[in-house]
Structure formats: C-alpha cells, structure tokens
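Below, each chain spelled out in residue letters.
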Amino acid sequence: MGLNSTPSAERLHIGIFGKRNAGKSSLINAITGQSLAIVSDIKGTTTDPVSKAMELLPLGPVVMIDTPGLDDVGVLGQMRISKTYQVLNKTDIALLVIDGSIGMSKEDEALLEVVKEKKIPYLIVVNKIDEMREEMEESKERIYVSATSKLNIEELKERIGNLIPKEEKKRPLVADLLKPLDFVILVVPIDASAPKGRLILPQQQTIRDIIEAGAVSIVVKDTELKETLEKLGQKPRLVITDSQAFSEVAKQTPDDVPLTSFSILFARYKGDLWEAVKGARAIENLKDGDTILMAEGCTHHRQCEDIGTVKIPNWIRNYTKGKNIRIETCSGTEFPSDLSKYRLIVHCGGCTLNEREMKYRIRCAVDQGIPITNYGIFIAYMKGILERSIEPLNSFT
C-alpha cells in the first residue's frame, strides 16, 4: 500500500472509535497491514486523534483516524473525548470497536446514537473474539474479528467497502464549465503570505481539474494579468483569481470575460454556494458591537498581511464605516458548536476539509440562524463584484 497524490480532503475518512483497550489501534494495524498506530496494554495510549492518509485495497485512497478512548478519565480525559466526538464531523464511515470479552458499554451506546443522528454509515466491530465466551450474532451492522490473529479482517474490509455511500458522482471543481482546449487564466499573487516554492492546494486542484477537462491553464501573477490578456490573442473562457486580488483583477479583466475566484468554486464544490451568497449580504445588517467569526479549516503560520486576520477584517471595518465590529478567529478542527454569540461567520474555502465536515459547519450555522459565507464571496460582495463573480456558475449550480 502506498500513498498517491489524492489530497486528504478528497479521501474517504474512516473513523475508529471505542473504549480504551478495545483494540482500536491494533485494528488499524490489522486493516492496513502496517504498524501505523502505537499499540500498548496501557489504557489511554492514544491521547489525540491521529490521521493517516493511505491507499487501502479494495477501497482506494482513504484517511484512517485513530481516536482516544470513549471512557477516558479526568479533565484531560474529557477534553480528549470531546476531540473524539469532533472527529465524527468529518467521518464518512464509522467503525465502533467493542472488546468482545466485555461487550457494549454505555459509552459505546452514546457514541452510536450520535453516529445514527448524523446519518454516518457504520459497523460495530467486535474485537478479541479469541477471548469471547458468548455466542456470536453477526448482523448487517456487526462483525466479529480478531485484530491479533487477523481473523475476519479481509471480510471487514469488504464490509467497509459496501458502506461507501452510493451517491451521485461529485460535481467537478471547474471542469463542467469548460470545453476541450478552452484557455483558463489562473491569477496567483506572489507576496509575503505565498508559500515558498509551491502552489497552495486550491490552485493545485483547480489546475488538475482543468487538465481533466482537456482545457489549458495559464498561471500568472496579478501583476502580469493585463499583459497576458493582451498577448493571448483570444478571449479566455474563464479567469480565476485568488480572492485577495479580486478587486485589482476585476479592473484588468474585460467585462465580457467571465471572472470568479478559487474559493467561490470551492463553495460550489463542497459547500453551499447560494447559502454563502445570502450570508455575504448579512454584512448590511451588522450593528455596533456585533461579532464576526473568521473560520479556517487549516492551521498555518500567519504572515503580517494574513487574509483572514488582517485583510478581510480591515475591509470589514472600511465597509461598515466605523462600526465597532468585533472579530474572532478559529482554525483547524476548533469550530465552535455554539455559534449564538456571532452575527456572521466568514469561512475559508475549506480546501483542507472534506465535504462532510464543510457541510456540517454550514448546517450548524443555518440551524442556529447565523449567516455564513466564505472568503471569496464575501470579498466580492464588499468590492461590488459579487454578481459578476458568480455569473459563470449560474447555469451550472
């Protein structure tokens, strides 16, 4: 089994849950045929969720997530249990591991109820069947295995494969907007916040999707766009820009050339484009003292001109004409479950989040009546170019 180039956010996420010493880590090692997780007889060896991207036959590219025990103790233990429940928000398939010599516990039953509420496909994996004295009653939701002797591990992998959601094929990121040999210009600013020597994930994925469509991608800096358009000799089918350069790119792009941004494409790809459009307009209803949550799916080193903590907050203050708007931030897995203190949530494009987690966050906001939008849509609205930037997507959403 080897890694391939599939981004983690695009892989099937398999979460492994259960009490301490139920054999979760041993099961991961048995399924993968590798020593990916530390195994010990000491309770609580896994203290934080641990993710591993890999290729797992016959399932393909997956992320295996080992979690702390559901029966952890103490203040730190409760924090670890909370982290375990957070993992459910990005879990595509849940495996609840039961110690066959002990049976189902109240902690197992509580997690299973949440799994069912979230409509996550699941399997109850009864481990350590070598130590069982009871009769085994296998069912559609239950399988008996031994992680130590590898008994029924191949059958378990087949059962996991059968749980993969048989949904409609996922919409492409941008390929459905293009025809073979169309020209697409990607505007990629190179400044202090740009990663050295590489493109960021949204840019990489968009280029790959353009290639899949048989179209041609032309990558330029924002300072080279005007000259590139003049030298191209024909109109590009689409210009896609980094959100922070939206205003400058819009000025340089002729009105008859479709324009959008990477994060707007991601809102359509794994979020809810029209909920985000509606959310952007909520800036008009903000009052003095209101709080906005700036949310990001990844954690990264913030530069002096960071878009989420510096640029967008400054644009908000300019747009709201001196209102005292408070800004709070969160990143990584730390998305709050209680959003009642916020009057607007502005989320990044979510390129590092899988579709389940991105839609969970949107649903949390909608259920609590809090408007939610994303960086590209919000910036386009404040710059007065929102209608133009979603126009290329209108007939495809």
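In this report, the structure presented in the accompanying data block is examined.

## Quick notes on the overall build of the protein
Inference 1: Helix and strand content of the protein: 13 helices and 14 strands.
Inference 2: The long-range share in the protein, meaning contacts at least 24 apart out of those at least 6 apart in sequence, stands at 72%.
Inference 3: Surface summary for the protein: the accessible area is close to 19000 Å², and the carbon and sulfur share equals 50%.

## Quick word on the sheet that holds strand β3 (residues 60-66)
Sheet strands associate in pairs through backbone hydrogen bonding, adopting either a parallel or an antiparallel arrangement.
Inference 1: Taken in spatial order, the six strands line up as β2-β3-β1-β4-β5-β6 in an open sheet, and their pairing is mixed. Each edge of the sheet is formed by a strand with only one pairing partner; in this case those strands are β2 (50-56) and β6 (142-144). Along the sheet, successive strands turn relative to each other by an average axial angle of 25°, direction set aside.

## A closer look at the packing of helix α1 (residues 24-32) against helix α4 (residues 153-163)
Inference 1: Between α1 and α4, the least distance of the axes is 9 Å, while the angle of their chain directions is 85°. Of the possible angle classes, the one that applies to α1 and α4 is roughly perpendicular. Here L27, A30 and I31 of α1 come into contact with α4, specifically with I153, L156, K157 and I160.
Inference 2: Considering only residue class, the contact of α1 with α4 consists of six nonpolar, no polar and one charged.

## Notes on the environment of S261
Inference 1: The residue S261 is located in strand β10 (residues 259-261) in this model.
Inference 2: With relative accessibility at 0%, the residue S261 sits in the buried group.
Inference 3: Between the C-alpha atoms of S261 and I377, which are 116 residues apart in sequence, the distance is 8.4 Å.
Inference 4: With residues up to four places along the chain from it excluded, the contact list for S261 reads I240, T241, S243, F246 and G376.

## Comments concerning the sheet that holds strand β7 (residues 183-187)
Inference 1: With parallel pairing, the four strands of this open sheet are ordered in space as β8-β7-β9-β10. With partners counted over all chains shown, the strands left at the sheet margins are β8 (216-220) and β10, one partner each. The sheet shows a mean angle of 25° between the axes of neighbouring strands, taken without regard to direction.

## Quick word on the pairing of β3
Inference 1: Counting buried residues in β3 gives six out of seven residues, a clear majority hidden from the surface.
Inference 2: Relative to β3, strand β1 (residues 12-18) runs parallel, the two being bridged by five bridges. By the bridge assignment for β3, I14 is matched with M64.
Inference 3: Here seven bridges tie β2 to β3, and the two strands are oriented antiparallel to one another.

## Quick look at unusual backbone geometry
Inference 1: Unusually for a residue other than glycine, K119 sits at a positive phi of about 60°.
Inference 2: Position of K119 among the secondary structure elements: in the loop between α3 (106-117) and β5 (122-127).
Inference 3: One non-glycine residue, L181, adopts positive backbone phi at about 70°.
Inference 4: According to the relative accessible area criterion, L181 is exposed, its value standing at 63%.

## Looking at the packing of helix α9 (residues 273-280) against helix α12 (residues 375-382)
Inference 1: Closest axis-to-axis distance for the α9/α12 pair is 9 Å, and the angle between their directions is 40°. Compared by their axis directions, α9 and α12 come out oblique. Between α9 and α12 lies a crossing whose hand is right-handed. Across the interface between the two elements, L273, A276, V277 and A280 from α9 touch I377, F378 and Y381 from α12.
Inference 2: Here the contact of α9 with α12 is composed, by residue class, of seven nonpolar, no polar and no charged.

## Details of the side chain of S263
Inference 1: Turning to its location among the elements, S263 is positioned in helix α8 (residues 262-270).
Inference 2: Classification of S263 by relative accessible area gives buried; the value is 8%.

Reading guide: rules and limits
Residues numbered from 1 in each chain as written. Predicted model: local features only at pLDDT ≥ 70, side-chain atom pairs only at ≥ 80, totals over all residues. Heavy atoms only, no water. Helix = DSSP H or I, 4+ residues; strand = E, 2+ residues; numbered from the N terminus. Contact = heavy atoms within 4.5 Å. Areas by Shrake-Rupley, 256 points an atom, 1.4 Å probe, with all protein chains shown as cover. Pairing = 2+ DSSP bridges. Axes fitted to C-alpha atoms, helices over the stretch in contact; angles between N-to-C directions. Parallel < 35°, antiparallel > 145°, perpendicular 65-115°, else oblique. Nonpolar A, V, L, I, M, F, W, Y, C, P; charged D, E, K, R; others polar. Buried < 20%, exposed > 50% of the residue type's maximum accessible area, 1.4 Å probe, protein only. Left-handed = near helix turned anticlockwise from the far one by under 90°.

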